[in-house]
Amino acid sequence: MNDITDIRYGPLPADSPYVKPFRFHYTQNGKQKSWDLLKVHDSVSILIFNVTRQKLVFVKQFRPAVYHSILSRDGVEPGSIDMKKYPPEIGVTMELCAGIIDKPLSIAEIAREEVLEECGYDVAVERLEEIVSYRCDVGTSGAQLTLFYTEVTDADKVSTAGGGVGDEIIDVVEYDIDEARKLTTKGTVITSPPSFLFGLLWFLTNRAPKGV
């Protein structure tokens, strides 16, 4: 995952299938305003709990946006990156299994596909519980994310699946409940998006076995 070289930036092509920037103009209380926005896909995320081994299943992957943010904060330009000072590992995030809604399928079917492709568990749509839908990145995109929860067993594991499809490179990691709870303690710094923390806190509040 972390064998990353030849980092460079370029302009966003107009035909990007993932991100389309534009300027939104409006009048509020008689005053003309504008806001720069991004049109992106809505998405799903899935909190997975393996009941066989009492483990939460997460994914890790390199996120260019996180890596770039760290470089930009320090004023580093692409041609002068010290890969020892800024190893790719700093851009690796821990997240829930997730994916964009870019197919003519129900969101539950898309969630099912992501669980199989990223984490290697084959679960029926009926075993996916829709928890809540909410808005992400309200300052830039306002896209909708739907959170699902599913419980899996070792018997659901498909040996040839997981790790992503196409050019995705994803590591599957498992945390026991006590390890996961420590990620939410005061003062913790983790490279994870809010959706990960929200899903984890929902599980600890609503589904974690009592006394664990």
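Relevant structure appears above.
This structure is a prediction, so every number in the text was calculated from the model and none was measured. (Residues numbered from 1 in each chain as written. Predicted model: local features only at pLDDT ≥ 70, side-chain atom pairs only at ≥ 80, totals over all residues. Heavy atoms only, no water.)

Asker: Can you lay out the pairing of strand β3 (residues 43-50) for me, pointing to particular residues and giving the numbers?
Answerer: Extensive coverage of β3 is indicated by the burial of 8 of its 8 residues. In β3, alternate side chains face the same way, and those of Ser43, Ser45, Leu47 and Phe49 on one face and Val44, Ile46, Ile48 and Asn50 on the other are all buried. With 4 bridges joining them, β3 and strand β6 (residues 97-100) adopt antiparallel strand pairing. Pairing of Val44 across the sheet is with Gly99, part of β6. With 8 bridges joining them, β3 and strand β8 (residues 144-152) adopt parallel strand pairing. Across the sheet, the residue bridging to Phe49 is Glu151, located in β8. (Buried < 20%, exposed > 50% of the residue type's maximum accessible area, 1.4 Å probe, protein only. Helix = DSSP H or I, 4+ residues; strand = E, 2+ residues; numbered from the N terminus. Pairing = 2+ DSSP bridges.)

Asker: Lay out the packing of aromatic side chains in plain terms, naming residues and giving numbers.
Answerer: One pair of aromatic rings is described through two measures. These are the centre distance and the angle between the planes. Following the criterion strictly, the structure yields 8 aromatic pairs and no others. Look at Phe58 and Tyr175: their rings are 5.8 Å apart centre to centre, the planes differ by 55°, and that puts the pair in the tilted class. Of the two residues, Phe58 sits in strand β4 (residues 55-62) while Tyr175 sits in strand β9 (residues 171-176), which places them 117 residues apart along the sequence. A relative accessible area of 0% means that Phe58 is categorised as buried. Site record: aromatic cluster; members linked through ring pairs are Phe49, Tyr149, Trp202 and Phe203. (Phe/Tyr/Trp six-rings, centres within 6.5 Å; stacked < 30°, edge-to-face > 60°.)

Asker: Lay out helix α4 (residues 194-206) with the relevant residues and their values.
Answerer: Taking 1.5 Å per residue, 13 residues should reach 18 Å; α4 reaches 18 Å between its end C-alpha atoms and fits that length. Tucked inside the fold, the buried residues of α4 contact β3, β4, β5 (92-95), β7 (129-135), β8 and α3 (177-182). (Expected span 1.5 Å × (residues − 1). Contact = heavy atoms within 4.5 Å.)

Asker: Describe the nonpolar core, with residues and values.
Answerer: Among the nonpolar cores identified, the biggest contains 18 residues, and Leu47, Leu56, Phe58, Phe196, Leu200 and Phe203 are the most heavily contacted of them. When residues of this core are assigned to their parent elements, the largest contribution, 5 residues, is made by α4. If near-sequence neighbours (up to four positions away) are discounted, Phe203 is found in contact with Leu47, Phe49, Leu56, Tyr149, Ile177, Ala208 and Pro209. Formed by 17 residues, the second largest nonpolar core is a distinct cluster that contains Val57, Val59, Ala111 and Leu128. (Core = buried A, V, L, I, M, F, W, Y, C linked by side-chain atoms within 4.5 Å.)

Asker: How would you explain unusual backbone geometry if you had to name every residue and give the values?
Answerer: For Gln54, which is not glycine, the phi torsion reads 55° and is therefore positive. On the basis of relative accessibility, which here comes to 32%, the residue Gln54 falls in the partly exposed class. Residue Asp137 is not a glycine yet carries a positive backbone phi of 45°. By the element assignment, Asp137 lies in the loop between β7 and β8.

Asker: Account for the pairing of β4, naming residues and giving values.
Answerer: Across the 8 residues of β4, 6 count as buried, placing the element largely inside the fold. As paired strands, β3 and β4 are joined by 3 bridges and run antiparallel to one another. Opposite Asn50, over in β4, you have Lys55 as the bridge partner. Linking β3 to β4, which pair antiparallel, is a turn of 4 residues; within it Gln54 sits at a positive phi near 55°. Note that β4 and β9 share 6 bridges and pair antiparallel. In the sheet register, Phe58 faces β9, and the bridge partner there is Val173. Sheet topology places β4 next to β5; 4 bridges connect them, and they run antiparallel. Counted as the bridge partner of Gln61 is Thr93 from β5.

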